[in-house]
Amino acid sequence: MTNKAFTYPQNPTLWQLFLWIIFEPTYLEKYSETLSKTQTVTQFLKLYIFIIVPVILCLLIVLLPIFISFVVFFDLPTHFPPDLNSLKDGYTEQFSQQWQNLTYFNEKLTFYAKKTLNNYDVLLKELIFRLALSLAVGLAGGLAGGLAGGLALGLAGGLAGGLAGGLAVGLAGGLAGGLAVGLAGGLAVGLAGGLAGGLAVGLAVGLAGGLAVGLAGGLATIIFFYLFYFRFPFYPFHFILNFINQTLTRNPYVYDSIIWLPIWRLDRNLAIRTYQQPVLGQQLIDFLREHRPLQFNTAMHLTHAATAGHWQQQSLPTDQTHLPNISDNAPKKFQVSNDWKQQFTELKQQLSQVQQQNNLGLQKQGYQDLIQQLEIFKDTTLNQHPLWKHYYLDTIQSWQQHATEQFEDIAQQLQNAEPISSNVYRYGDPLQQEYESDQKIFLGRTDLKDKLAVEIQSSQKMPLFLIQGQRRIGKTSLINFLPSMLPPKFTIIQQDCQDAKVSSIPAWLQDLRQKIADKFKQENDWQAPDDWLEAWAQMQTYLENLSFNHGHKLILAIDEYEILHEYLQEDEKRGKRLLGALRSFSQHQNRTVFLFVGSALLTELQQPNWNQYFTHTRRLKVEYLDKQSALKLITEPVTLNYPDNLLEQMYQLTQGHPALLQRLCKHLVDIANGDNRAEMTQADLDKAIDETLDEENASINFFWTEFCYNDAHKQTVKAILNQQTPTDETSIQRLERHGFIQKNPQDQWTMCVPLFEMWLKRYT
């Protein structure tokens with residue numbers, strides 16, 4: 001409901017009509033249009049008789065002593081002798097002589113007052129004549145131009161004629177006439193005719209006064225006209241009201257439609273109250289836009305404050321939240337940017353989509369996106385005009401806080417909810433046989449498992465085995481599951497050469513012996529001597545006795561065996577002798593087998609040359625999972641539903657690379673549990689791919705930083721990525737031998753695993 005202060009009175013009183021002449025010309029014009037000619041004349045006569053004439057008489061009584069004091073104070077009769085010959089013969093000369101004989105201010109004031117009052121009969125006649133004339137002019141104007149025109153002319157004529165007639169006789173005619181006409185022009189003529197008309201009338205009257213009654217009259221006319229046209233006498237009252245009694249419904253803009261100049265702090269104070277009371281503030285804005293054309297810029301300013309206030313009352317941007325209604329004609333400083341508008345619209349759309357979503361996981365993602373959009377919207381707001389941008393910043397921050405609370409609440413609900421599927425995938429650590437979850441994902445490589453088990457069990461002489469393959473391809477997991485592939489008579493000792501305890505050849509042998517002792521629950525206080533051969537000789541004796549006494553065959557699984565090569569290179573001569581001793585031990589007994597595990601081929605370990613000593617090594621290459629095993633790894637351990645095209649993409653992208661495939665699967669299960677849904681989509685796979693292509697992806701990062709150890713390898717890979725023909729045969733052969741590149745049907749070299757290619761293109 002619109003506040004009464006902003007409504008247009010339908011039946012104004014006579015006093016309201018009089019005030020409308022001064023303060024509400026638009027109201028007066030609207031009201032005049034509703035009256036007939038007879039009603040116009042009737043209203044004019046009532047107003048003139050009961051309001052205008054008494055006002056003029058009161059003004060005359062109030063202004064007369066002021067004007068007399070003004071004339072005396074500035075000694076105007078001396079500087080501008082009055083021309084009053086038409087009143088009494090010889091009056092001017094007598095008046096001038098008497099005036100010159102007076103010295104003190106009080107003497108002149110008493111003398112001048114008496115002279116003025118002695119002419120009361122002339123004053124009265126002039127006053128009646130001028131009032132009658134202004135009445136006639138007002139009636140004519142009312143019949144011709146309606147009540148608004150009649151009142152304007154009547155008030156102008158009444159003030160100009162009545163005051164001039166009443167004051168000019170007793171005062172210095174030019175000055176009094178100028179003040180009276182200026183007052184009337186400022187209040188009536190200027191309001192009726194507008195700024196251009198007011199200026200023209202003021203100048204004309206001022207010049208005429210100057211020519212007719214002297215310089216003082218002309219200057220007074222111009223000065224007083226502009227003082228009242230721009231309403232300077234009212235500004236002290238507006239200023240005081242601004243601090244004493246200013247509200248949205250009680251302020252100078254509500255009372256006065258003709259305020260040309262700004263009132264200090266008024267717009268700022270109204271904007272603050274509009275932000276706090278946006279509904280009432282919007283009513284004030286509508287009032288200003290309809291009835292206060294001079295306050296158009298203020299209305300635009302308050303529109304931003306009201307809009308931000310409405311926004312503040314909403315926890316988030318809903319359908320009830322709208323952009324500020326800024327006119328196209330408004331100055332540029334009030335306009336908002338297209339980016340700001342577009343981002344606000346997108347915020348509402350995003351929230352609408354989130355609120356229509358029943359799935360908690362999708363709601364969580366929706367609020368996360370909304371928080372990001374709000375941050376962008378905030379940055380865009382900071383680039384808007386400083387006059388109004390601050391109104392919105394607090395609201396946007398409040399929206400961000402509420403969206404974050406919603407996000408955290410949904411995240412908590414999802415955390416408390418039962419997961420869609422247990423996430424059994426592990427792409428960083430080797431699988432362990434003792435974990436049931438790891439058993440579910442130790443799939444494929446049946447031929448490799450069988451071959452390894454058969455070779456170990458059936459060999460009359462225990463050969464040296466090399467389990468070789470790319471990093472993170474499952475070699476260590478295979479060793480961890482080896483006990484389940486062999487009969488109980490085989491005891492497997494696992495050692496990781498990356499362990500900090502393995503810091504030299506003697507440290508390697510001492511750590512290996514400690515692990516064996518722990519396996520058989522023996523005491524061990526053996527300290528390996530610094531001499532490599534002596535240390536091995538003691539270790540060899542220990543192994544032979546252990547195997548004989550316990551009736552077990554030992555499998556020494558040495559993981560990351562290439563590290564031993566680095567220690568052997570420190571003393572190549574002793575390294576060769578140690579390798580020879582290991583070969584001799586391996587060839588002359590069948591109860592202890594060396595099972596080296598690593599990514600390097602024996603032929604790649606030179607100085608000393610491992611291949612020279614272990615020519616009969618059984619190499620078991622660990623490759624990618626076949627397609628059937630890869631699809632089982634994706635689908636069997638979890639309860640997610642994958643469309644066939646997603647399964648095909650996952651296999652094609654990884655080519656069965658176990659670590660990469662498990663990494664994809666783990667991210668997808670996280671997404672499913674986070675969103676509380678089992679149906680996987682292309683968008684989910686795309687997100688999982690992006691997370692898999694992290695710069696710290698160990699499998700691919702190792703390939704680039706360590707496997708491609710020289711520029712030749714890197715240049716070969718870059719040539720392949722750019723679909724160019726590589727030229728370095730050595731690096732080509734090594735990359736192919738290790739299964740990183742292959743030739744396509746067009747006889748072009750390509751990366752075997754597309755995810756490798758995608759990562760390399762992104763980060764190299």
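Summarised in this report is the structure supplied together with it. Position numbers for residues count from 1 along each chain, tracking the sequence in the order it is written. Predicted model: local features are reported for residues with pLDDT of at least 70 only, side-chain atom pairs are reported and counted for 80 or more only, and whole-chain, interface and lining totals are derived from all residues. With hydrogens and water stripped out, all remaining heavy atoms of the structure feed into the side-chain values.

## A short note on the pairing of strand S3 (residues 553-559)
Look at any regular strand and the pattern is simple: side chains alternate between the two faces of the sheet.
Here's step 1: Here's how the labels work: a residue is buried when its accessible area is under 20% of the maximum for its type, exposed when over 50%, partly exposed in between, all with a 1.4 Å probe on protein chains only. Helix and strand definitions here come from DSSP, where helices need a minimum of 4 consecutive H or I residues and strands a minimum of 2 consecutive E residues; each element is numbered from the N-terminal end. Of all seven residues in S3, seven are buried, a share of seventy percent or more.
Here's step 2: Both faces of S3 are covered, namely the face carrying Lys553, Ile555, Ala557 and Asp559 and the face carrying Leu554, Leu556 and Ile558.
Here's step 3: What makes two strands pair is DSSP finding at least two bridges between them. As paired strands, strand S2 (residues 490-496) and S3 are joined by seven bridges and run parallel to one another. Among the inter-strand pairings, Ile493 is bridged to a residue of S3, identified as Leu556.
Here's step 4: Summarising the sheet, S3 and strand S4 (residues 592-598) pair through six bridges and their orientation is parallel. The partner of Ile558 across the bridge, within S4, is Phe596.

## A look at the side chain of Thr274
Here's step 1: When you line up the elements, Thr274 lands in helix H12 (residues 266-276).
Here's step 2: For Thr274, a relative accessible area of 0% puts it in the buried group.
Here's step 3: The contact criterion used throughout is that any non-hydrogen atoms of two residues lie within 4.5 Å. Excluding anything up to four places from it in sequence, Thr274 contacts Leu248, Gly281, Leu302, Ala305 and Ala306.

## Description of the nonpolar core
Here's step 1: In terms of nonpolar packing, the biggest core is built from 70 residues, with Leu482, Ile555, Leu595, Met650, Phe703 and Val717 touching the most fellow members.
Here's step 2: The element contributing the most residues to this core is helix H28 (residues 658-675), with seven residues.
Here's step 3: Ignoring any residue separated from it by four or fewer positions in sequence, one finds Leu482 in contact with Leu452, Ile456, Ile492, Ile555 and Leu595.
Here's step 4: Side-chain atoms within 4.5 Å link the members of a nonpolar core, which is a set of buried Ala, Val, Leu, Ile, Met, Phe, Trp, Tyr and Cys residues. Judged by nonpolar contacts, the second largest core, of 52 residues, contains Leu35, Leu284, Phe287 and Leu414.

## Things to note about the packing of aromatic side chains
Here's step 1: Pairing of aromatic side chains requires ring centres within 6.5 Å, counting the rings of Phe and Tyr and the six-membered ring of Trp. Pairs whose planes differ by under 30 degrees are stacked, by over 60 edge-to-face, and all others tilted. Scanning all chains against the criterion turns up 25 aromatic pairs.
Here's step 2: Here Phe596 and Trp610 contribute two aromatic rings whose centre-to-centre distance is 5.5 Å and whose plane-to-plane angle is 80°, an arrangement assigned as edge-to-face. With Phe596 in strand S4 and Trp610 in helix H25 (residues 610-613), this pair connects stretches of sequence that are 14 residues apart.
Here's step 3: With relative accessibility at 1%, the residue Phe596 sits in the buried group.
Here's step 4: By relative accessible area, which is 1% here, Trp610 ends up buried.
Here's step 5: These aromatic residues form a ring-pair network of at least three members: Trp311, Trp340, Phe344, Phe377, Trp388, Tyr392 and Trp399.
Here's step 6: Two conditions define a charge located above a ring, namely a distance within 6 Å from the ring centre to NZ of Lys or CZ of Arg, and an angle within 35 degrees of the ring normal. In this structure, Arg471 packs its charged tip against the face of Phe702, placed 3.9 Å from the ring centre.
Here's step 7: Over the aromatic face of Phe707 sits the side chain of Arg734, whose NZ or CZ is 3.8 Å from the ring centroid.

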